[in-house]
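Architecture at a glance
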Amino acid sequence: MNIQGENKSRNIVLGLTPLWLVIGIFMIGPLLIMAGVSVMEPNVYGGVYFKFDLSGYRQILFDTNLFDEMEFNPAYVIIILRSFVLAVSATIISLIIGFPAAYFISRQPDNVKNILIFLVTIPFWTNLLVRTFAWIIILGKGGVIESSFSFFGLLNEDDSLNLMYTNFAILIGLVYSYLPLMVLPIFSSLEKLDVRLLEAASDLYSSRMEIIRRVIIPLTLPGIIGGSILVFVPCLGAFIAPDLLGGGKKLLLGSLIQFQFSTARNWPFGAAVAMFLLSLVVIVLVINARINSKHEDLQKHV
Amino acid sequence: MKQSIKNAIEVQNVTKVYGVGENSVTALKDANLTINDNEFFTLLGPSGCGKTTLLRLIAGFEDITKGDLKLFGKEIVNLPPNKRPINTVFQHYALFPHLNVFENVAFGLRRLGKNRSEIEQKTNYVLKLVQMEEFSKRRPNQLSGGQQQRVALARALAPEPKVLLLDEPLSALDLKLRQAMRIELKTLQRETGITFVFVTHDQEEALTMSDRIAVISEGEIQQIGEPNSIYENPANQFVANFIGEANLLKGICKKIGKNGLCKLNSGHEISLEIPSLIKVNDPITIFIRPERIKINKSSSSKIKSFISQFTYLGNAAHLEVESNNQKINITLPIDKVKNFKNADEVTLEFPKNHARVINQ
Amino acid sequence: MFRKNKFRHVWDFPGFSGWTAIFFGFLYVPIFVLVCYSFNSSSYAMIWTGFSFRWYEKLFFNDDILQAAYNSLIIAITAAPMATAIATISALVIVRGGGFRGKEFSSGLITLPLMVPEIVTAVATLIFFATLGINLGLINVIIAHTVFCIPFAYMPIKAALEAMDPNLELAARDLYSDKNSAFRYITLPLLTPGILSGFMLAFVISVDDFIITLMVAGGGSTTLPVYIYSMVKMGVTPEVNAVSSLLLAFSIIFVTGYWFLNKKSS
């Protein structure tokens, strides 16, 4: 639409300038400076010396021993692997919990559906810290689970199940944090699913399991992939769940980065790990974009 | 001396191209037409033919790529829509959802800076004209489709435009209401004396309402004329096919001139006027309306013709007659329906003054 | 005797309803437990002794909490409108600007704060302010929040604009409105619910934000979530439960308001 005699391009530039400035200066700017810091020499009191130094990246894999030799140090590799395994597990568990719920909600009458979907979104908008902290009350020593166990005589008064500060506790925290993000995209692709397709599949001799496998899942794949990415990406860089429920002992990438800036004061290393995390996320997003464009091509041909 | 016919709108060599370079699409190519004052003028064509583009160019919603646009002799190409004394009835009405019926209708008058009493008086007048005065406090979403249509009409009429543009205003209504609104619109146009430019893809709508019609296809104007002349004398095969039903029969020219002769591939011979541009033995196409062909029952004719399909339509019947593997469509009036059935052998007669040679 | 109705629709899968109940239980039980424990009269967060408002009362005499709440409010009141304003103009240009060059880039730019992991944004912003020596207290936090809130404000505004019939503006132009009055009388009133929704989401996100604030905020600019974090780190007390419950209640009320607003406008 281009109304006769009006110059649009000037307005486009004017209208987008605030966005470009704000995001450019305060989002892209910091990321660039962080990239710069990651290749500088650390200052033990925080901050950096302006000298090119790759020690930040080297430190992810190697330690320098007493004789100034580089030695492989698996500590951070373990953290990276733990982050990865926990993020993947949290994504799969969220999918298993979320998919049937998303399906059930999508098949409800409109008014019920709207309320249920709203109930799914509420936790997402409430404070993540507070919601995670609630799990301390549930899992912690003498918390809800332990006291109900001892109430039924399943646990001695002074014993503990030691649920807190474990990978399991972190996993629960991660799933709990990002489950709504799994359900929402799956729900929206399920909502578009034509029920008549299921009836057609059934008419053509499919069992319920086959309907799920052959019709529902292929058709809602974009939602499933979208939801998985929305869960996987923040899990990789999670800070709150590992910090509160892992007790700062089981570090993940997110808490490792935070630790470098709050306590360890090794900025280049923290920045290097942050760059590593960022590139992981970029890779995931690029793969996702590829899959999406392929799927769009597919749908164009249908 | 006063001129009896004034030119309301002159479209001169207007071209509209969307996009640039390889992806550009020419929506309208070198269009020329003149719309008279007080005329009910229709732009008719299939969807995507460029008729709505032309309407939007007249309204000022799009910039013209090339050409001139005049309103009562005055150049308007460089005027934005709010400076043109032209109003539009949008296809899906585009009523302002946050304003009630009265406020919607008064909107244009308010922007024109009219005083309160004038706004009130004019708004109420047009609401009465479209029989919506009882609904003035309602919001658009509390109205039926037909009522919204009336409000859209009132809103466009209230500022007393010199030209009213209507973009398929009846397409969202059901059949009964649509037929009633056709008559109402026509009456309204006659009473207000405003020039109407009406866009539609419905040939029946165009034929029943218009003073003149411009048939558009693929961005080009195919023919401009009064409804009956377009129906009887289509300029080309597109127009013949698009308006009503047509037989386009292939044959060979046998004799040219006022008493020319053509032998059709079906075996029939038709005598008709054949222009002298055509040479003897040239292949030609003959146009004739299905209701013009005369049909009789017979089993003794030279050319073997039989009814291959008989479709009962209630007020008429539609026949497909096959002869020599050529199909000819015939519409049978109600009083003759009973005389024919499938597979009957028949003879056909092509009246001379209803058949003509037609261009590609 | 009625025949037992064994018919089950093809799209009705057995067990899914129970599963959904468990799903909602998982989402809401922790919140419920937290709120319950905030009314516990015992000084030990984990042991229930009786119902009491005492922890809520205590909050109002805790100057640190009040200061943190005040900071949170000041930040949100400043950052959310700025984010909403930027989001509104950007949405207008991106949705209504046609196919201009840089459109993809600009909409990518808006979603960037959502794509980058929050912890990365947080440390990058920390490094940025520290390196450039910008130390303006609350203003640092406000800037960081504005950036982060833009995509949240943008989403509902963009949705509202896309749902709006572009012919409405043309109709206004047709009825003798110039560009400005078409915007003032048609676009803006119709967009208001969307803008309000965007503002509310941005506001909630700002009040709730923790990680970025934790990294960026200096000593005097502690916000409520950061304060809660430091309390939790020192040990779970019923007071934390109470202030957490209040924060939850605040978000839920805001988001519910947003929901009703959207429902009404659609």
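Keep in mind that this is a model prediction, so the values were computed, not measured. (Residues numbered from 1 in each chain as written. Chains lettered and ligands numbered in written order. Predicted model: local features only at pLDDT ≥ 70, side-chain atom pairs only at ≥ 80, totals over all residues. Heavy atoms only, no water.)

1. Quick look at the overall build of chain A
Scanning chain A from N- to C-terminus turns up 13 helices and 4 strands. In summary, chain A has a C-alpha radius of gyration of 24 Å against a globular reference of 19 Å for 302 residues, an excess of more than 25%. In terms of its C-alpha atoms, chain A occupies a principal-axis envelope of roughly 80 × 75 × 35 Å. Across the 302 residues that make up chain A, the buried fraction comes to 49%. In chain A, of all internal contacts separated by at least 6 residues, the share reaching a separation of at least 24 is 64%. Just so you have it, chain A exposes about 14600 Å², and 65% of that area is on carbon and sulfur atoms. (Helix = DSSP H or I, 4+ residues; strand = E, 2+ residues; numbered from the N terminus. Rg over C-alpha atoms; globule rule 2.2 N^0.38 Å. Buried < 20%, exposed > 50% of the residue type's maximum accessible area, 1.4 Å probe, protein only. Contact = heavy atoms within 4.5 Å. Areas by Shrake-Rupley, 256 points an atom, 1.4 Å probe, with all protein chains shown as cover.)

2. Notes on the overall build of chain B
Counting secondary structure elements, chain B contains 8 helices and 20 strands. With the principal axes as the frame, chain B shows a C-alpha extent of 80 × 50 × 45 Å. Here chain B holds 360 residues, and the buried ones make up 50% of them. In chain B, of all internal contacts separated by at least 6 residues, the share reaching a separation of at least 24 is 64%. When the accessible surface of chain B is split by element, carbon and sulfur atoms take 47% of a total near 17500 Å². Charge separation in chain B, taken as the distance between the mean sites of 47 positive and 39 negative side-chain charges, equals 2 Å. (Lys, Arg positive; Asp, Glu negative; His and termini not counted. Charge placed at Lys NZ, Arg CZ, Asp CG, Glu CD.)

3. Remarks on unusual backbone geometry
All names here are of chain B. Although it is not a glycine, Phe72 sits at a positive phi angle of roughly 45°. Turning to its location among the elements, Phe72 is positioned in the loop between strand E4 (66-71) and strand E5 (74-75). Under the relative-accessibility criterion, Phe72 is labelled partly exposed at 28%.

4. Here's the deal with the pattern of salt bridges
For the structure on display, the rule yields 24 salt bridges over all chains. Note that Lys297 of chain B is salt-bridged to Asp344 of chain B, the shortest N-O span being 3.6 Å. In this pair, Lys297 of chain B sits in strand E15 (residues 294-297) while Asp344 of chain B sits in the loop between strand E18 (326-333) and strand E19 (345-349), placing the two residues 47 residues apart along the sequence. Two residues, Asp344 of chain B and Lys341 of chain B, come together in a salt bridge whose shortest N-O distance is 3.4 Å. In the salt-bridge network here, residues are joined through shared partners; they are Asp110, Lys113 and Glu191 of chain A. (Salt bridge = Lys/Arg side-chain N within 4 Å of Asp/Glu carboxyl O.)

5. Some points on a negative patch on the surface
Residues and elements named next belong to chain A. A contiguous patch of negative charge, built from Asp63, Asp68, Glu69 and Glu71, is present on the exposed surface. Note on placement: Asp68 falls in the loop between strand E3 (62-64) and strand E4 (70-72). Relative accessible area serves as the criterion here: at 67%, Asp68 is assigned to the exposed category. (Patch = residues over 30% accessible without salt bridge, like charges linked within 9 Å, V, L, I, M, F, W, Y side chains within 5 Å.)

6. Side note on the pairing of strand E10 (residues 220-225) of chain B
All names here are of chain B. Across 5 bridges, strand E9 (residues 212-217) lies against E10 in antiparallel orientation. Looking at the pairing, Ile213 lines up with Gly225 of E10. The hairpin formed by E9 and E10 contains 2 residues between the paired strands, and Glu218 there has a positive phi angle of roughly 50°. (Pairing = 2+ DSSP bridges.)

7. Here's the deal with the interface of chain A and chain C
Listed per partner, the contact involves 89 residues of chain A and 83 residues of chain C. Taken over both partners, the interface formed by chain A and chain C buries close to 7900 Å², and the fraction arising from carbon and sulfur atoms is 83%. Seen at the junction of chain A and chain C, the total is 1 salt bridge. Here Lys233 of chain C makes a salt bridge to Asp243 of chain A, at a shortest N to O gap of 3.0 Å. Across the chain A-chain C interface, the total number found is 8 residue pairs in polar contact (both at pLDDT 80 or more). Of the residues forming the side of chain A that touches chain C, the biggest block, 19 residues, is contributed by helix H1 (residues 9-37) of chain A. (Buried area = accessible area lost by both parts, 1.4 Å probe. Polar contact = N/O pair within 3.5 Å; in protein donor to acceptor, adjacent residues only side chain to side chain.)

8. As for helix H1 (residues 51-59) of chain B
Residue and element names in this part refer to chain B. Most of H1 is tucked away: 8 of the 9 residues are buried. Burial in H1 covers these residues: Lys51, Thr53, Leu54, Leu55, Arg56, Leu57, Ile58 and Ala59. A positive backbone phi angle near 100° is found at Gly60, which sits one or two residues after H1.

9. Side note on the nonpolar core
Counting 218 residues, the largest nonpolar core has Met34, Leu174 and Ile216 of chain A, Leu43 and Phe96 of chain B together with Phe23 and Val120 of chain C as its most contacted members. For this core, the leading source of residues is helix H7 (residues 167-191) of chain A, giving 15 residues. If near-sequence neighbours (up to four positions away) are discounted, Leu43 of chain B is found in contact with Leu33, Lys51, Leu54, Val197, Phe198, Val199, Thr200, Ala214 and Ile216 of chain B. Grouped together as the second largest cluster of nonpolar side chains are 34 residues, Leu109, Phe135, Val151 and Ile194 of chain B included. (Core = buried A, V, L, I, M, F, W, Y, C linked by side-chain atoms within 4.5 Å.)

10. Side note on the interface of chain B and chain C
In this assembly, 23 residues from chain B lie in contact with 17 residues from chain C. Interface of chain B and chain C: buried area, both sides summed, is about 1800 Å²; carbon and sulfur atoms make up 66% of it. A per-residue breakdown of the area chain B buries against chain C is headed by Asn82, His98 and Arg111 of chain B, which together make up 32% of the total. In this assembly, chain B and chain C are joined by 0 salt bridges.

11. Description of the sheet that holds strand E20 (residues 356-357) of chain B
Residues and elements named next belong to chain B. Spatially, E13-E12-E11-E14-E20 is the arrangement adopted by the 5 strands of the open sheet, whose pairing is antiparallel. Looking at the sheet topology across the chains shown, the edges are occupied by strand E13 (269-274) and E20. In terms of strand pairing, strand E14 (residues 283-288) meets E20 through 2 bridges, oriented antiparallel. The residue bridging Phe287 from the neighbouring strand is Arg356, located in E20.

12. Let's talk about the domain arrangement of chain B
Residues and elements named next belong to chain B. Partitioning chain B into domains gives domain 1 (7-242) and domain 2 (247-357). The distance between the C-alpha centroids of domain 1 and domain 2 comes to 40 Å. Each partner contributes to the interface: domain 1 provides 8 residues, whereas domain 2 provides 8 residues. Each partner contributes to the roughly 700 Å² buried at the junction of domain 1 and domain 2, and carbon and sulfur atoms together form 41% of this total. A per-residue breakdown of the area domain 1 buries against domain 2 is headed by Tyr231, Glu232 and Gln237, which together make up 61% of the total. Applying the counting criterion to the domain 1 and domain 2 interface returns 1 salt bridge. (Domains from an automatic or database assignment.)

13. Quick look at the environment of Phe7 of chain C
In this fold, Phe7 of chain C is placed in the segment before helix H1 (16-38). The class of Phe7 of chain C is exposed, set by a relative accessible area of 65%.

14. A word on the sheet that holds E19 of chain B
Residue and element names in this part refer to chain B. Across the sheet, which stays open at both edges, the 5 strands sit in the order E15-E19-E16-E17-E18 with antiparallel pairing between neighbours. Each edge of the sheet is formed by a strand with only one pairing partner; in this case those strands are E15 and E18. Strand-to-strand, the axes of this sheet are offset by a mean angle of 40°, without reference to chain direction. Direction of pairing for strand E16 (residues 305-312) relative to E19: antiparallel, over a ladder of 2 bridges. Following the sheet pairing, Ser305 is matched in E19 by Val346. (Axes fitted to C-alpha atoms, helices over the stretch in contact; angles between N-to-C directions.)

15. Some remarks on the packing of H1 of chain A against helix H6 (residues 138-163) of chain C
Each pair of packed helices gets described by two things: the angle between the helix axes and the distance between those axes. Close contact between H1 of chain A and H6 of chain C brings their axes to 10 Å; oriented N to C, the two are set at 120°. By the criterion of interaxial angle, the relationship of H1 of chain A to H6 of chain C is oblique. Between H1 of chain A and H6 of chain C lies a crossing whose hand is left-handed. Facing H1 of chain A, whose interface residues are Leu19, Val22, Ile23, Phe26 and Met27 of chain A, H6 of chain C presents Ile143, Val147 and Ile150 of chain C. Its residues placed into classes, the contact of H1 of chain A with H6 of chain C shows 8 nonpolar, no polar and no charged. (Parallel < 35°, antiparallel > 145°, perpendicular 65-115°, else oblique. Left-handed = near helix turned anticlockwise from the far one by under 90°. Nonpolar A, V, L, I, M, F, W, Y, C, P; charged D, E, K, R; others polar.)

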